[in-house]
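# An overview of the molecular structure
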Amino acid sequence: MIITKAQIAVVSTSPRADFTLQDTGIFIGIIGSLIMLSGVAINIISKINKISFTVDGIQEALKLHASNAEKIKELDKRFDIHLQDYVNYKDANLLSHNGLEEQIKHKWERSEGEFNAIKGSIKELQGFLRQTNDFKIRQ
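Remember, it's a predicted structure, so these values are computed and weren't measured experimentally. (Residues numbered from 1 in each chain as written. Predicted model: local features only at pLDDT ≥ 70, side-chain atom pairs only at ≥ 80, totals over all residues. Heavy atoms only, no water.)

Within the protein, the regular secondary structure consists of one helix and zero strands. Residue burial in the protein is summarised as follows: out of 139 residues, 0% are buried. Carbon and sulfur atoms form 63% of the exposed surface of the protein, whose accessible area is close to 13800 Å². (Helix = DSSP H or I, 4+ residues; strand = E, 2+ residues; numbered from the N terminus. Buried < 20%, exposed > 50% of the residue type's maximum accessible area, 1.4 Å probe, protein only. Areas by Shrake-Rupley, 256 points an atom, 1.4 Å probe, with all protein chains shown as cover.)

This is the structure:
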């Protein structure tokens, strides 16, 4: 018998770097998608940062307004104190004015009485001088 060698067809499995046009298109699509996703992520991150800066600004503004509100409360308390001082001062002046008015009225009535008494004394003295001498009254 004749022995012949059998040959089996074997495909070599050595790695080859064959890229087809379809593989290249898929690869470029993936890279484009990643770039687009990174752009969207950057856009979202920048918007979040803007919002964060805005919130920080709002917090600072609120702190400023809160401190201004405290100052306004202090000024309001001071104003209330000054207003009460003014009311007290006005009341004291009114009492003083009314007291002076009453004193003047009292002094005037007293002086009027004394003037009338002096007037009577003068008339009496004039009458006496007319009787005793030739005294003429000038007017």
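Take the pattern of salt bridges next. Applying the stated rule across the entire model yields three salt bridges. Here E60 and K63 are joined by a salt bridge, their closest N and O atoms 4.0 Å apart. Taken together, the residues E60 and K63, both in helix α1 (residues 21-132) and three residues apart, mark about one turn of the helix. On the basis of relative accessible area, K63 is assigned to the exposed category, the value being 56%. Here R78 ties to E74 by a salt bridge, and the two come within 3.8 Å at their closest N and O atoms. Of this pair, R78 and E74 both sit in helix α1, four residues apart, roughly one helical turn. (Salt bridge = Lys/Arg side-chain N within 4 Å of Asp/Glu carboxyl O.)

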